[in-house]
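Structural overview for review
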Amino acid sequence: MAKILETKSLKIQNEAVLVLDFGGQYCQLIARRVRDCNVYCEILPYTTSVEEIRERGYKGIIFTGGPNSVYDEASPRCSKEIFELGVPVLGICYGAQLMSYLLGGEVASSNVKEYGKTQTQFDCTSSLFAGVKESSITWMSHTDYIAKIPEGFRVTAYSDHCPTAAMEDDSRGLYAVQFHPEVEHTECGQMILQNFLKKVCGCKADWEMSSFTETTIAYLKEQLGGSKVICALSGGVDSSVAALLLHRAIGKDLTCIFVDHGLLRKNEGDEVERVFRHQFDMNLIRVNAQDRFLNRLKDVEDPERKRKIIGEEFIRVFEEEAKKLGEINYLCQGTIYPDVVESGNGASAVIKSHHNVGGIPDDVGFVGIVEPLRSLFKDEVRRVGLELGIPDYLVWRQPFPGPGLAVRILGAITPEKLEILREADSIFREEVANAGLEKSINQYFAVLTGIRSVGVMGDERTYDNTIALRAVTTSDFMTADWAHIPHEVLAKASNRITNEVRGVNRVVYDITSKPPATIEWE
Ligand code: XMP
């Protein structure tokens with residue numbers, strides 16, 4: 001296994017906070033909120049040893065919530081020693097109950113689940129609640145509650161059904177809240193987190209994307225100076241930003257390989273080439289492999305086979321090109337923080353099953369892998385992209401699946417079908433943009449359904465293709481709602497598609513959420 005170049009920001013940040021993951025659904029959200037307070041933070045699983053936590057020198061620790069009850073045999077627990085590190089701890093929901101349980105308090109199960117917006121009374125003399133409204137709304141989601149607080153603690157908030165909505169032992173720097181401060185519905189949630197970080201942990205809160213960009217470029221320059229690096233560039237946000245960071249660090253020692261598999265959207269290949277080769281003057285190899293991919297996909301109807309073929313062929317083309325370049329030391333990948341956490345770093349359920357490149361094999365002979373965005377969330381990647389001068393439309397580009405239009409043409413793929421889909425998709429995207437909806441809809445595209453139906457054009461009967469339009473709103477792409485696009489926008493798109501795209505006589509709009517449907521049709 002090629003080693004990953006250590007680009008974890010801890011090395012270059014002077015303060016960091018740990019989010020210890022007990023399996024809560026809001027784990028990444030907590031980390032996001034901490035970073036919104038300009039404090040760098042990392043997520044580690046609850047199994048991380050106390051020694052490791054001590055060594056990393058965090059300024060504070062936050063325990064996440066989790067679905068378990070502390071009395072379950074199998075419930076996630078950490079060592080009590082964590083409270084003796086002299087580092088402030090904030091327990092949230094399950095994390096609060098665990099703190100109570102480990103320190104000798106009692107947790108009990110209630111008959112009713114307290115769920116949703118809850119009027120809560122705060123003791124604002126607590127540093128955690130400085131500036132918080134004495135009576136304000138919090139977001140609760142729990143059945144168990146802290147029935148007896150541990151010795152040395154005092155109750156600092158309560159609600160009708162929750163005698164201990166918060167507790168603390170400020171002499172030891174231990175704080176616990178039953179509600180979720182990270183969720184928007186908690187009125188003063190961000191202030192509470194900020195109080196914990198600044199007033200309790202004493203963080204300076206000076207983490208900024210601009211300092212990330214500068215320090216990362218300097219670090220990459222120092223570590224990789226004189227090395228040859230290649231990067232698979234797809235034109236998506238992550239690989240584009242990763243490549244540009246590296247380009248700023250090592251210039252022409254970076255070569256980007258852009259495999260055009262012929263399954264891209266209208267004009268996409270040329271745009272990638274224009275931006276990266278001409279605007280940024282990068283070493284870019286565009287491999288026009290359309291025929292190769294189409295030949296291998298001929299008559300293939302099964303979606304999973306399509307994906308597999310495209311993944312394999314991609315690696316083959318990439319390897320061939322890499323070999324032509326002679327000795328290469330590093331492979332650059334656009335892996336971002338949610339990928340790292342979802343692939344097993346954290347304790348949360350592993351759901352993700354999609355991979356862009358499908359794993360470039362180690363035997364290509366790289367010394368190592370460099371992933372400069374490993375510690376960033378998507379919106380942070382976008383901010384770095386904007387700072388590096390990547391055009392707005394590229395930075396805000398919606399996600400596009402690695403197998404491209406192949407999974408948006410149901411059934412076998414032909415050049416004619418690709419042409420129809422490209423045109424229809426381009427019109428839909430144009431109309432969404434004309435209506436100013438690009439940033440409010442997270443993904444939107446056209447699908448060639450494979451259904452033909454009867455229509456009439458002029459006096460002629462037609463028997464032509466049906467295009468489906470798909471648009472969703474989502475924050476994580478794991479679940480999604482269909483976008484309630486204004487009817488006029490849909491009407492305009494439908495009109496234009498049937499008028500301008502030959503071979504289409506019907507347009508339908510997909511009104512299914514995920515689940516039960518997926519976002520893509522294949
Ligand atoms: P689904 O269709 O599973 O998609 O709801 C969720 C998100 O993942 C994208 N997607 C893919 N991305 N390779 C990728 O790189 C794939 O094979 C793939 N399949 C789906 C999809 O566009 C959506 O954003």
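Rules of the game
- Residues numbered from 1 in each chain as written.
- Predicted model: local features only at pLDDT ≥ 70, side-chain atom pairs only at ≥ 80, totals over all residues.
- Heavy atoms only, no water.
- Domains from an automatic or database assignment.
- Buried area = accessible area lost by both parts, 1.4 Å probe.
- Salt bridge = Lys/Arg side-chain N within 4 Å of Asp/Glu carboxyl O.
- Helix = DSSP H or I, 4+ residues; strand = E, 2+ residues; numbered from the N terminus.
- Nonpolar A, V, L, I, M, F, W, Y, C, P; charged D, E, K, R; others polar.
- Pairing = 2+ DSSP bridges.
- Axes fitted to C-alpha atoms, helices over the stretch in contact; angles between N-to-C directions.
- Phe/Tyr/Trp six-rings, centres within 6.5 Å; stacked < 30°, edge-to-face > 60°.
- Buried < 20%, exposed > 50% of the residue type's maximum accessible area, 1.4 Å probe, protein only.

We now examine the domain arrangement of the protein chain. Assigned domains of the protein chain: these are domain 1 (15-200), domain 2 (230-395) and domain 3 (408-509). The distance between the C-alpha centroids of domain 1 and domain 2 comes to 39 Å. A combined buried area of about 1,100 Å² lies between domain 1 and domain 2, and 48% of that area is made up of carbon and sulfur atoms. Among the residues domain 1 hides against domain 2, the three largest losses belong to Gln28, Arg32 and Arg35. Together they make up 50% of the total. Here domain 1 is connected to domain 2 by three salt bridges. Two residues, glutamate 380 and arginine 35, come together in a salt bridge whose shortest N-O distance is 2.6 Å. At the level of secondary structure, the elements contributing two or more residues to the side of domain 1 that touches domain 2 comprise α1 (27-36) and β3 (40-45). Here the residues of the side of domain 1 that touches domain 2 are counted per class, giving eight nonpolar, three polar and four charged.

With that settled, consider the sheet that holds strand β6 (residues 106-122). Taken together, the nine strands give an open sheet; going across it, the order is β3-β2-β4-β5-β10-β9-β8-β6-β7, and neighbouring strands pair in mixed fashion. This sheet does not close on itself; its edge strands, each paired only once, are β3 and β7 (135-148). The mean inter-strand angle of the sheet, taken between neighbouring strand axes irrespective of direction, is 20 degrees. The pairing of strand β2 (residues 16-21) with β3 spans six bridges and is parallel. Bridge pairing links alanine 16 to tyrosine 40 in β3.

This paragraph deals with the packing of aromatic side chains. The final tally for this structure, using the stated rule, is 16 aromatic pairs. Ring centres of tryptophan 207 and phenylalanine 212 lie 6.0 Å apart, and the angle between their planes is 75 degrees; this geometry places the pair in the edge-to-face category. Take tryptophan 207: its relative accessible area is 3%, and that puts it in the buried class. Consider the rings of phenylalanine 314 and phenylalanine 318, whose centres lie 6.3 Å apart with planes at 10 degrees: the pair is stacked.

Counted by the stated rule, this structure contains 40 salt bridges. Measuring nitrogen to oxygen at the nearest pair gives 3.5 Å for the salt bridge that ties arginine 33 to aspartate 36. In this pair, arginine 33 and aspartate 36 both sit in helix α1, three residues apart, roughly one turn of the helix. Owing to a relative accessible area of 36%, aspartate 36 belongs among the partly exposed residues under this scheme.

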